[in-house]
Amino acid sequence: MSLHEDAVLVLKGYGGQPELRDVYLEHLAAHPDGVYKPCTAGHVTGSALVIDPARGRVLLTLHKKLGMWLQMGGHCEPGDDTLEAVALREASEESGIASGLSLLPGGPVRLDRHAIPAPCHWHLDVQYAALAPAGAEAEISEESLDLRWFPYEEVAAVADTSVVRLLEATLARLGG
């Protein structure tokens, strides 16, 4: 199965945000290359909010290009087989947590479509949550200006609405 086919299956199985989900599916139906960065109409990306429920905190990265506190995430690469693999790879690379991250069961937590500068126009982000292992040590990557754990209640003060909504949806899935 190709990454494109996996993305279609994942999105068809995603029960939330039906109007936005349909935008993603229409994009993929129109663009066989719609999961990769060269697709100038926009492309699917994968991200994961790294969360430590035992300590009530999330790990955010201060994005080098955007200067914003965000979840870990990025572009699909030719070696990626699934959207889950994209999200987990990005979470591991950007958090510096080399092993032990695991995606929260149940598939994507949210979708977030946001404009990006030309030549592409849109990121169609498929957002997951990744559970940090006990005692996880984060290490800043070259893609970040900073990397920091934030208590849940501080996220709204430092991050934009999309990150706050992702945290809220993650906590709802965790049952808290």
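Everything here concerns the structure above.
Worth saying up front: this structure is predicted, and the values here are computed from it rather than measured. (Residues numbered from 1 in each chain as written. Predicted model: local features only at pLDDT ≥ 70, side-chain atom pairs only at ≥ 80, totals over all residues. Heavy atoms only, no water.)

Draft legend 1. Structural context of the layout of surface pockets. By volume, the largest pocket is sized at about 960 Å³. Along the wall of the largest pocket there are 35 residues; nearest its centre are H63, L66, H75, I116 and H123. For the lining of the largest pocket, the elements supplying multiple residues, two or more each, are β1 (43-52), β2 (57-63), β4 (72-75), α3 (83-95), β6 (110-115) and β7 (122-131). Residues of the lining of the largest pocket, tallied by class, amount to ten nonpolar, 13 polar and twelve charged. (1 Å grid on protein atoms, 1.4 Å probe; cavity = no way out; pocket = protein on both sides within 12 Å on 5 of 7 lines; lining within 4 Å. Points joined across faces, edges and corners; volume = space filled by probe spheres on them. Helix = DSSP H or I, 4+ residues; strand = E, 2+ residues; numbered from the N terminus. Nonpolar A, V, L, I, M, F, W, Y, C, P; charged D, E, K, R; others polar.)

Draft legend 2. Here's a closer look at the environment of G56. Here G56 is to be found in the loop between β1 and β2. Look at G56 and you get buried, because its relative accessible area is 18%. The spacing of G56 and F150 is 94 residues in sequence and 8.5 Å in space, taken between C-alpha atoms. The residues contacting G56, other than those within four sequence positions of it, are F150, P151 and Y152. (Buried < 20%, exposed > 50% of the residue type's maximum accessible area, 1.4 Å probe, protein only. Contact = heavy atoms within 4.5 Å.)

Draft legend 3. Region of the structure containing the environment of V35. Of note, V35 is situated in the loop between α2 (18-30) and β1. With 50 residues separating them in the primary sequence, V35 and A85 have C-alpha atoms 13 Å apart. With residues near it in sequence (within four places) discarded, V35 still touches L3, H4, A7, L28, H43, V44 and C76.

Draft legend 4. Structural detail: the nonpolar core. V50, L83, V126 and Y128 are the most contacted members of the largest nonpolar core, which totals 32 residues. Those elements that place two or more of their residues in this core are α1 (3-13), α2, β1, α3, β7 and β8 (144-151). With residues near it in sequence (within four places) discarded, Y128 still touches V10, S47, A48, L49, L83, E84, A87, L103, G107, P108, V109 and L166. In terms of nonpolar packing, the next biggest core, distinct from the first, is built from 18 residues, A129, F150, L166 and L167 among them. (Core = buried A, V, L, I, M, F, W, Y, C linked by side-chain atoms within 4.5 Å.)

Draft legend 5. Local environment of the packing of α1 against α2. Remark: α1 packs on α2, axes separated minimally by 10 Å, with the N-to-C direction vectors making an angle of 155 degrees. The angle between α1 and α2 falls in the class roughly antiparallel. Considering how the two elements wind past one another, α1 and α2 form a crossing that is left-handed. Across the interface between the two elements, H4, A7, V8, L11 and K12 from α1 touch R21, Y24, L25 and L28 from α2. Here the residues of the contact of α1 with α2 are counted per class, giving six nonpolar, one polar and two charged. (Axes fitted to C-alpha atoms, helices over the stretch in contact; angles between N-to-C directions. Parallel < 35°, antiparallel > 145°, perpendicular 65-115°, else oblique. Left-handed = near helix turned anticlockwise from the far one by under 90°.)

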